[in-house]
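# Coordinates in review
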Amino acid sequence: MEFMKNGKRIDNRLPNELRPIKFEVGALERADGSCYVEHGGNKIMAAVYGPRAVHPRHLQQANRAIIRYRYNMASFSVEERRRPGPDRRSIEISKVSREAIDPVIIKEFYPRSTIDIFVEILQADAGTRSAGINAASVALADAGVPMRGLISSCAVGKVDDTVVLDLVKEEDNYGQADMPVAMDVRTGEVTLLQMDGHLTLDEFEQALELGKIGCASIAKMQREALIQKYRGEEDE
Amino acid sequence: MKKQEKVDKTIVVPGDLLSEDAAKAAEGTYVENGKVYSLIYGLADEREKVRVIPLSGKYLPATGDVVVGMVSDISFSNWKVDINSPYEALMHISEYPRRIESSEMAKIMGVGDLAIFKVVDVDPSMKIELAPREGQLRVLRSGRVVEVSYTKVPRVIGRAGSMISLLKSKLDVNIFVGKNGRIWINGKVEDEDLAVKVIKRIEQEAHTSGLTDRITKLLEEEKHGVHEKR
């Protein structure tokens with residue numbers, strides 16, 4: 001498969017270009033915080049509940065809140081029907097996503113409670129864990145959860161020996177490498193870094209730099225979306 | 001909405017830089033390397049100190065708060081009270097003004113009853129103790145209770161109680177605003193209806209300026225409408 005033509009990718013993007021991204025803050029009425037995100041072909045809803053009482057009770061911690069993160073793909077989110085319920089992949093993604101967001105949350109403010117994050121993938125097109133983390137981070141802010149910063153995430157990878165930002169499905173499936181990165185852009189702290197495929201050390205460093213640039217652009221969009229929620233009402 | 005004034009404070013998100021002076025840090029902020037950053041999504045209010053006013057979030061009780069609570073359970077010596085917070089609060093039988101037996105508890109205040117309480121103690125693990133406000137237990141037997149986000153309570157009360165006096169003067173109702181965002185309204189049905197409507201409007205537009213003027217106008221219009229219909 002040929003991925004690069006005249007310096008452009010299969011969907012006409014440059015190697016360092018993100019897909020179009022749209023955040024909608026507070027998309028769910030009943031959740032304490034929520035965010036709907038469209039990231040290229042990905043359509044994702046994130047909801048946050050809490051801090052609230054922990055059930056089952058034995059999970060509760062006396063001195064801090066616990067964070068629970070559920071990443072789930074809808075059965076209709078991919079072309080071939082996905083069997084509903086958690087599988088090996090989604091359990092792993094839930095774990096790494098939770099660990100990507102957990103370091104910025106001030107858990108000590110809410111002892112004996114839980115903050116539950118639900119990320120539902122309605123339509124998948126590569127980079128769902130990253131887009132899910134972006135949505136979850138905005139939803140947490142919307143819920144009024146105290147955090148040191150917003151976590152932003154995007155994927156980088158390699159196709160046709162070129163390091164590219166924000167892979168689409170074809171690039172992810174048939175490319176040479178895929179590497180999701182999540183970070184707090186202000187401090188530069190990387191909270192998630194995974195890699196599938198092969199990169200040389202030079203390529204890895206190049207990819208990580210590109211990932212950081214991508215995260216910085218996403219952080220701006222997340223911030224703008226949150227500010228717009230209250231500014232938007234004025235324009236009506 | 002026709003005429004809406006601008007937000008008088010800046011909207012900030014977690015991690016936004018607020019000040020280079022660590023001494024200015026107040027609620028809703030944190031200090032890192034001598035700089036002040038926002039801890040929450042809210043409105044930055046910079047005066048001699050810089051604080052961030054939350055736009056959302058859960059109510060956390062503090063000692064001295066007066067809240068509207070609902071009894072959720074009765075144990076041997078405590079009333080368990082839901083105070084619209086992640087944590088359940090307790091009022092011990094001995095806090096009741098006179099000595100009563102355990103068996104009498106349900107008669108005084110049963111499950112589902114609403115009352116006005118004062119928070120007397122909050123410990124580090126968020127165990128919350130309540131007492132009747134001003135030594136006399138006020139169980140709410142008439143009127144109704146509406147819930148707003150606790151973050152909007154200061155706007156419902158208004159500067160030095162201006163909004164609440166406005167509502168009380170224009171409508172023939174008694175209003176009590178709990179710190180936890182539960183508001184008790186007691187009066188004639190039509191007045192209660194209008195009060196609920198106005199409070200919901202205040203909640204929606206809490207972050208905008210010139211709110212008192214708009215609410216005054218809304219009250220005038222609605223009052224007029226109510227009389228014409230009769």
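See the structure above.
Residues numbered from 1 in each chain as written. Chains lettered and ligands numbered in written order. Predicted model: local features only at pLDDT ≥ 70, side-chain atom pairs only at ≥ 80, totals over all residues. Heavy atoms only, no water.

### Details of the interface of chain A and chain B
Accessible area lost on assembly of the parts is the figure often given for the size of an interface. Tallying the contact residues gives 33 residues for chain A and 31 residues for chain B. Buried surface at the junction of chain A and chain B, summed over both partners, amounts to about 2600 Å²; 55% is from carbon and sulfur atoms. Residue Lys58 of chain B is joined to Asp32 of chain A by a salt bridge in which the shortest nitrogen-to-oxygen separation is 3.1 Å. For the pair chain A and chain B, the number of links is 16 residue pairs in polar contact (both at pLDDT 80 or more). At the level of secondary structure, the elements contributing two or more residues to the side of chain A that touches chain B comprise β3 (42-53), α2 (128-142) and α4 (201-235) of chain A. (Contact = heavy atoms within 4.5 Å. Buried area = accessible area lost by both parts, 1.4 Å probe. Salt bridge = Lys/Arg side-chain N within 4 Å of Asp/Glu carboxyl O. Polar contact = N/O pair within 3.5 Å; in protein donor to acceptor, adjacent residues only side chain to side chain. Helix = DSSP H or I, 4+ residues; strand = E, 2+ residues; numbered from the N terminus.)

### Here's the deal with the packing of aromatic side chains
Under the criterion given, the structure shown has 5 aromatic pairs over all chains. The lysine or arginine in question, Arg186 of chain A, covers the ring of Tyr37 of chain B, its NZ or CZ lying 3.7 Å from the ring centre. (Phe/Tyr/Trp six-rings, centres within 6.5 Å; stacked < 30°, edge-to-face > 60°. Lys NZ or Arg CZ within 6 Å of the ring centre and 35° of its normal.)

### Considerations on the pattern of salt bridges
Two side chains of opposite charge can pair, provided their charged atoms sit close to one another. Residues and elements named next belong to chain B. Scanning all chains against the criterion turns up 36 salt bridges over all chains. Between Asp45 and Arg51 there is a salt bridge, with the nearest N and O atoms lying 3.1 Å from each other. Judged by relative accessible area, Arg51 falls into the partly exposed class, the value being 32%. (Buried < 20%, exposed > 50% of the residue type's maximum accessible area, 1.4 Å probe, protein only.)

### Some details on the sheet that holds strand β13 (residues 144-147) of chain B
All names here are of chain B. Spatially, the 3 strands line up as an open sheet ordered β13-β15-β14, and their pairing is antiparallel. Looking at the sheet topology across the chains shown, the edges are occupied by β13 and β14 (173-177). The average undirected angle you get between the axes of adjacent strands in this sheet is 20°. Sheet analysis places β13 next to strand β15 (residues 182-187), joined by 4 bridges and oriented antiparallel. Its bridge partner being in β15, Arg144 is matched across the sheet by Ile185. Running over the sheet, helix α4 (residues 189-204) touches β13, β14 and β15 and is turned about 155° from β15. (Pairing = 2+ DSSP bridges. Axes fitted to C-alpha atoms, helices over the stretch in contact; angles between N-to-C directions.)

### Let's talk about α2 of chain A
Residues and elements named next belong to chain A. Along its 15 residues, α2 runs 21 Å from first to last C-alpha, staying within 8% of the 21 Å computed at 1.5 Å per residue. In terms of burial, α2 is largely enclosed, as 15 of its 15 residues are buried. Directly after α2, the chain includes Gly144, whose backbone phi takes a positive value near 80°. (Expected span 1.5 Å × (residues − 1).)

### Digging into the environment of Leu122 of chain A
All names here are of chain A. As for its position among the elements, Leu122 is in strand β5 (residues 113-123). For Leu122 and Val190, which are 68 residues apart along the polypeptide, the C-alpha to C-alpha distance reads 27 Å. Setting aside chain neighbours within four positions, we find Leu122 in contact with Tyr36, Lys43, Ala74, Phe76 and Ser77.

### Considering helix α3 (residues 162-170) of chain B
Of all the residues in α3 of chain B, the buried ones are Met163, Ile164, Leu166 and Leu167 of chain B. Projection of α3 of chain B onto a plane perpendicular to its axis shows the buried side chains occupying an angular sector of 155°, all on one side. (Arc of directions from axis to C-beta.)

### A few points about the side chain of Asn72 of chain A
Residues and elements named next belong to chain A. In this fold, Asn72 is placed in strand β4 (residues 66-73). Exposure remark for Asn72: the relative accessible area of 10% places this residue in the buried category. At 3.1 Å, the side chain of Asn72 forms a polar contact with the side chain of Glu120. Excluding residues that lie within four positions of it along the chain, Asn72 makes contacts with Gly85, Val119, Glu120 and Ile121.

### Some words on the packing of helix α1 (residues 88-101) of chain A against α2 of chain A
Residue and element names in this part refer to chain A. Remark: α1 packs on α2, axes separated minimally by 10 Å, with the N-to-C direction vectors making an angle of 45°. Of the possible angle classes, the one that applies to α1 and α2 is oblique. As for the relative orientation of α1 and α2, their crossing is right-handed in sense. Every residue of α2 that contacts α1 at Arg89, Glu92, Ile93, Ser97, Ala100 and Ile101 is listed here: Thr128, Arg129, Ile133, Ala136, Ser137 and Leu140. Class assignment of the residues belonging to the contact of α1 with α2 gives a composition of 6 nonpolar, 3 polar and 3 charged. (Parallel < 35°, antiparallel > 145°, perpendicular 65-115°, else oblique. Left-handed = near helix turned anticlockwise from the far one by under 90°. Nonpolar A, V, L, I, M, F, W, Y, C, P; charged D, E, K, R; others polar.)

### Re the pairing of strand β8 (residues 78-82) of chain B
Residue and element names in this part refer to chain B. Of the strand pairs in this sheet, strand β7 (residues 66-74) and β8 are connected by 4 bridges, and their pairing is antiparallel. When the bridges of β8 are listed, Val71 appears paired with Val81. Between β7 and β8, which follow one another and run antiparallel, lie 3 residues. The pairing of β8 with strand β9 (residues 88-92) spans 5 bridges and is antiparallel. When the sheet's bridge partners are listed, Asp82 is paired in β9 with Glu88.

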